[in-house]
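Analysis of the macromolecular model
So you can see what is in the structure, the chains are spelled out below.
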Amino acid sequence: GAVVSQHPSWVICKSGTSVKIECRSLDFQATTMFWYRQFPKQSLMLMATSNEGSKATYEQGVEKDKFLINHASLTLSTLTVTSAHPEDSSFYICSAAAAGPYNEQFFGPGTRLTVL
Amino acid sequence: AQSVSQHNHHVILSEAASLELGCNYSYGGTVNLFWYVQYPGQHLQLLLKYFSGDPLVKGIKGFEAEFIKSKFSFNLRKPSVQWSDTAEYFCAGGSTGGGNKLTFGTGTQLKVEL
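Definitions and cut-offs
Residues numbered from 1 in each chain as written. Chains lettered and ligands numbered in written order. Predicted model: local features only at pLDDT ≥ 70, side-chain atom pairs only at ≥ 80, totals over all residues. Heavy atoms only, no water. Helix = DSSP H or I, 4+ residues; strand = E, 2+ residues; numbered from the N terminus. Rg over C-alpha atoms; globule rule 2.2 N^0.38 Å. Buried < 20%, exposed > 50% of the residue type's maximum accessible area, 1.4 Å probe, protein only. Contact = heavy atoms within 4.5 Å. Areas by Shrake-Rupley, 256 points an atom, 1.4 Å probe, with all protein chains shown as cover. Pairing = 2+ DSSP bridges. Axes fitted to C-alpha atoms, helices over the stretch in contact; angles between N-to-C directions.

**Examining the overall build of chain A**
In terms of regular secondary structure, chain A is built from 0 helices and 11 strands. Starting at the N terminus and walking to the C terminus, you meet the elements of chain A as β-β-β-β-β-β-β-β-β-β-β. Here the C-alpha atoms of chain A give a radius of gyration of 13 Å, agreeing with the 13 Å that 2.2 N^0.38 yields for 116 residues. Each principal axis of the C-alpha distribution contributes one length, and for chain A these read about 40 × 25 × 25 Å. The 116 residues of chain A split such that 49% are buried. Here the analysis covers contacts within chain A between residues at least 6 apart in sequence; of these, 55% occur between residues at least 24 apart. When the accessible surface of chain A is totalled, it reaches about 5,600 Å², and 54% of it is carbon and sulfur.

Below is the structure:
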């Protein structure tokens, strides 16, 4: 099956710094990538949808200036958490989907962000 | 509005017991449905999916799900669970042509006891 990687798998940073998370589709071209946030023992919350070469679409309540998303190529999307604060600590998961009507997404392993 | 709901939040079973996890959806038009599993400390893995055709879908590791359109349901089943099935299970749905966007249920934490 299709493989999606994320880097880093975990990161610890100081409050006020910015953190970049990469999401790559390794063996297929992802026209759309999604970024989710998952709190402990909770479901995935969609943060934003990004299409290659265009601006990301953010879900209601997600600050686009805080969570910068770039989808520069068909295999790479990045999420930058700017001026991170402890409340941004979470598990961030990306997924990728190829073109088509079936909604199938392939998930990355996630990135655990801890802001001190 | 599009939504997916899972009514069982926590399920505890003994090994060899049968499993059924409920999932209901609310969508207009054609819906695509998925079950994902997340083992402790691991990432989401696809168990099975339904796009069209036979409403009884068989997935990996002995899991199956039945799409019942009249009940707006897509329940996950396994005849005999194992300790290694302990995990969180998520139902998800999306509408055809909806830009691949998925809506996830709140998840069901399954614990299988020896």
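**Overview of the sheet that holds strand E3 (residues 19–25) of chain A**
Residue and element names in this part refer to chain A. Taken together, 4 strands build an open sheet; the order of strands is E1-E3-E8-E7 and the sheet is antiparallel. If you trace the sheet from one side to the other, it starts and ends with strand E1 (4–7) and strand E7 (67–73), each paired once. Pairs of neighbouring strands in the sheet enclose a mean axial angle of 15°, with direction left out of account. In this sheet, strand E8 (residues 76–81) lies alongside E3 in antiparallel orientation, the contact comprising 6 bridges.

**Considerations on the pairing of strand E10 (residues 87–95) of chain B**
Residues and elements named next belong to chain B. Summarising burial for E10: 9 of the 9 residues are buried, a large majority. Neither face of E10 is left uncovered, since the one carrying Ala87, Tyr89, Cys91, Gly93 and Ser95 and the one carrying Glu88, Phe90, Ala92 and Gly94 both have all their residues buried. Of the strand pairs in this sheet, strand E5 (residues 31–38) and E10 are connected by 8 bridges, and their pairing is antiparallel. Across the sheet, residue phenylalanine 34 finds its bridge partner in E10, namely alanine 92. Direction of pairing for E10 relative to strand E12 (residues 108–113): antiparallel, over a ladder of 3 bridges. Each bridged residue has a counterpart across the sheet, and for alanine 87 the counterpart in E12 is leucine 110. Across 2 bridges, E10 lies against strand E11 (residues 103–104) in antiparallel orientation. By the bridge assignment for E11, glycine 93 is matched with threonine 103.

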